[in-house]
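# Descriptive structure summary
Listed below are the residues making up each chain.
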Amino acid sequence: MFIIKQAMTIRRIISLAALLFFAATTTDMSVDAAEDTVAEIGDAGYAPFVSADYDDIIFTDILKSVAAETKAFEVIDYAKGFLGTPYRRGSKGPKSFDCSGFTSYIFRRFDINLGASSRSQYLDGTYIDDSDVRPGDLVFFSGRRGGKTVGHVGIAVDVAPDGRITFIHAATSGGIRYDTYPDDGYYSNRYIGARRVF
């Protein structure tokens, strides 16, 4: 599953590289990332070109998307290396973790500083609608007693077509492991929301 998604990311990067190559080598296409110009791309045989109505083509949004997706899988791959690490309340790693200690430790490796608790991490980044969750996003749940107060956090590692989220987290039972939401049980009853921090 992860290999397939990484391959898709690589194909996107290759496609972007090819587009940039044509931009630099054809007279029908120019690139200027400094301009806020919307590009209209047509088809000139084997090579893309920019409509005469536009001077520049920018790849800012594409580059940001590819960079974020690439970083997400780097985060996930790093997090997977801690599978099986034991849970310990208040522990920040690397020999043991609690939930927020785990997410903080993982993201700090990528120069992203999160709050010290799951509750404070729910204030980090930007709110993400359930239908927009993607790998690398933080997913939040209430604690074991339930309610509407954040008490647990994990990292989304995969989102199935039906919206089911697989996440990695520090669980009191089993330590660092995978679980899914919705699960028609524990996590379904405690899900609060998601945040994106890159």
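Attention here is on the structure that accompanies the text.

## As for the environment of Arg119
Following the sequence through the fold, Arg119 ends up in helix 4 (residues 118-121). On the accessibility criterion, Arg119 (53% relative accessible area) is exposed. C-alpha of Arg119 to C-alpha of Ser100: the two residues are 19 residues apart in sequence and 8.8 Å apart in space. Leaving out residues up to four positions away in the same chain, Arg119 has contacts with Thr149 and Val150.

## With respect to the pairing of strand 6 (residues 165-171)
Counting buried positions along strand 6 yields 6 of 7 residues, so the element is predominantly enclosed. Pairing analysis gives 4 bridges linking strand 5 (residues 150-159) to strand 6, with the strands arranged antiparallel. Across the sheet, the residue bridging to Asp158 is Thr166, located in strand 6. Hairpin connection between strand 5 and strand 6: a loop of 5 residues separates the two successive antiparallel strands, and Gly163 in this loop has a positive phi of roughly 90 degrees. Count of turn residues in the strand 6/strand 7 (residues 175-181) antiparallel hairpin: 3 residues, of which Gly174 carries a positive phi of about 105 degrees.

The rules we used
- Residues numbered from 1 in each chain as written.
- Predicted model: local features only at pLDDT ≥ 70, side-chain atom pairs only at ≥ 80, totals over all residues.
- Heavy atoms only, no water.
- Helix = DSSP H or I, 4+ residues; strand = E, 2+ residues; numbered from the N terminus.
- Buried < 20%, exposed > 50% of the residue type's maximum accessible area, 1.4 Å probe, protein only.
- Contact = heavy atoms within 4.5 Å.
- Pairing = 2+ DSSP bridges.

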